[in-house]
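Here is what each chain is made of, one letter per residue.
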Amino acid sequence: MNRRIVFGVLVGFFTVIACQKTVLGRIASNIDETKIIAFANAERQKHGASPLRRHALLDEVAALRADDMFRFQYFGHVSPSGTDMEFSVEKVKYDYLLVGENLIIGNFKDENEAIQDWLLSKSHRKAMLDARYQETGVVAKQGMHQGKDRWLIVQIFGTPCSVCPEIDKAVKRRIDENGVRQNELSKLLSEKSLEAFALAKEGNETAYKEKIQEFQFVREELSVLIEETQKLVGRYNVSVNAFNLCIGSLLMK
């Protein structure tokens with residue numbers, strides 16, 4: 001029997017972009033995170049991209065990243081502790097296909113100034129306007145950073161796995177269970193065959209016939225199981241192929 005199971009390997013693709021700015025003058029007393037999202041969505045609308053939905057888990061990721069930068073007094077995408085955005089995303093258990101990060105630090109007078117600085121940066125602008133992203137999380141925190149009072153803004157972008165059809169995990173479990181049972185039945189079939197052969201040599205015809213009946217019963221069960229598994233493999237491969245096509249179309253955008 002020839003059969004093939006295609007396993008979908010999920011790879012998280014991510015982009016990380018940062019910039020710094022120092023502005024002389026009064027620092028903002030408050031940075032409204034909802035306005036940052038609103039400004040970003042307004043820009044996305046101008047370029048035909050759907051608005052980003054705020055997601056609590058991505059807010060958690062942004063907060064973890066900002067706290068880490070204040071704690072270890074650095075600005076960048078990799079912490080002195082060795083952690084990064086991807087580590088934080090996995091920590092909060094955000095199930096993603098794509099994830100990205102924009103960072104900015106400085107003395108901003110308001111939210112609009114930070115957004116405008118991102119838009120002036122080709123890489124930041126690309127991340128903000130990327131039509132593949134569907135969700136976002138933002139945190140703006142003020143604190144002492146390397147001896148200066150600064151605002152640190154982190155915006156996380158994400159595309160959840162739910163945008164693609166789910167691979168049928170229940171079918172995969174059934175295939176695995178059937179595989180275990182097939183091995184057991186194959187082993188039992190071999191044992192019954194050897195036992196029947198030994199009885200035939202002994203000339204014990206009655207016991208031989210009983211053993212042959214047992215052999216045929218096991219063989220029939222194995223045959224039914226193999227046929228069922230072939231159908232399950234076909235169903236599973238359909239779901240994997242649909243997922244892979246979705247991933248491929250997403251990454252080609």
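Each chain carries its own residue numbering, running from 1 in the written order of its sequence. With the structure being a predicted model, the display of local features is reserved for residues of pLDDT at least 70 and the display and counting of side-chain atom pairs for 80 or more, all residues being used for whole-chain, interface and lining totals. Derived side-chain values reflect all non-hydrogen atoms in the structure, with water molecules and hydrogen atoms excluded from consideration.

### Some remarks on the overall build of the chain
Secondary structure elements are defined from DSSP: runs of H or I of at least 4 residues count as helices, runs of E of at least 2 residues count as strands, and each element is numbered from the N terminus. A tally of regular secondary structure across the chain gives seven helices and five strands. Listing each helix as α and each strand as β along the chain from the N terminus yields β-α-β-α-α-β-α-α-β-β-α-α. Here the term buried applies to any residue with accessible area under 20% of the maximum for its type, exposed to any over 50%, and partly exposed to those in between, with areas from a 1.4 Å probe on protein chains only. Residues classed as buried in the chain amount to 44% of the 253 residues present. A separation threshold of at least 6 residues defines the contact pool for the chain, and within that pool the share at least 24 residues apart is 78%. Of the roughly 14,100 Å² of accessible surface on the chain, 53% is carried by carbon and sulfur atoms. We call two residues contacting when some pair of their heavy atoms lies within 4.5 Å. Accessible surface is estimated by sampling points in the Shrake-Rupley manner with a 1.4 Å probe; for residues, cover comes only from the protein chains shown.

### Quick notes on the packing of helix 1 (residues 33-46) against helix 4 (residues 111-120)
One can describe the packing of helix 1 onto helix 4 by two numbers: an axis separation of 9 Å at closest approach and a directional angle of 40°. Between helix 1 and helix 4, the angle is such that the two are oblique. Judged by the sense of rotation from one axis to the other, the crossing of helix 1 with helix 4 is right-handed. Contact residues: helix 1 offers Lys35, Ile36, Phe39, Ala40 and Glu43, while helix 4 offers Glu111, Asn112, Ile115, Trp118 and Leu119. Side-chain classes are defined by residue name, with Ala, Val, Leu, Ile, Met, Phe, Trp, Tyr, Cys and Pro counting as nonpolar, Asp, Glu, Lys and Arg as charged, and the others, Gly among them, as polar. In the contact of helix 1 with helix 4, the residues fall into six nonpolar, one polar and three charged. Here an angle of 0 to 180 degrees is reported between the N-to-C directions of two axes, which are lines fitted to C-alpha atoms, with helices fitted over the stretch in contact. Roughly parallel covers angles under 35 degrees, roughly antiparallel covers those over 145, roughly perpendicular covers 65 to 115, and oblique covers all other angles. Throughout, a crossing is termed right-handed when the near helix is turned clockwise from the far one, and left-handed when it is turned anticlockwise from it by less than a right angle.

### Quick look at helix 1
A helix is expected to span 1.5 Å multiplied by its residue count minus one. Helix length check: helix 1, at 14 residues, gives a terminal C-alpha distance of 20 Å against a target of 20 Å (1.5 Å per residue), a fit within 8%. Ile36, Ile37, Ala40, Asn41, Glu43 and Arg44 are the residues of helix 1 that are buried. Buried positions in helix 1, seen along its axis, are confined to an arc of 160° and lie on one side of it. Exposed residues pointing more than 90 degrees away from the buried face of helix 1 are listed as Gln45 and Lys46. Lining the buried residues of helix 1 we find strand 2 (53-54), helix 4, helix 5 (122-129), strand 4 (135-145) and strand 5 (148-160). Throughout, the arc means the angular range of directions from the helix axis out to the C-beta atoms.

### What to know about the confidence of the model for the chain
On a range of 0 to 100, pLDDT expresses the predictor's confidence in each residue. Mean pLDDT over the chain works out to 87, with 89% of the residues at or above the 70 mark. Considering each helix and strand of the chain separately, the mean pLDDT is smallest for strand 1 (residues 13-21), with a value of 41, and largest for strand 2, with 98. Low pLDDT, under 50, characterises residues 1-26; the predicted model gives this stretch 79 contacts beyond four residues in sequence or across chains.

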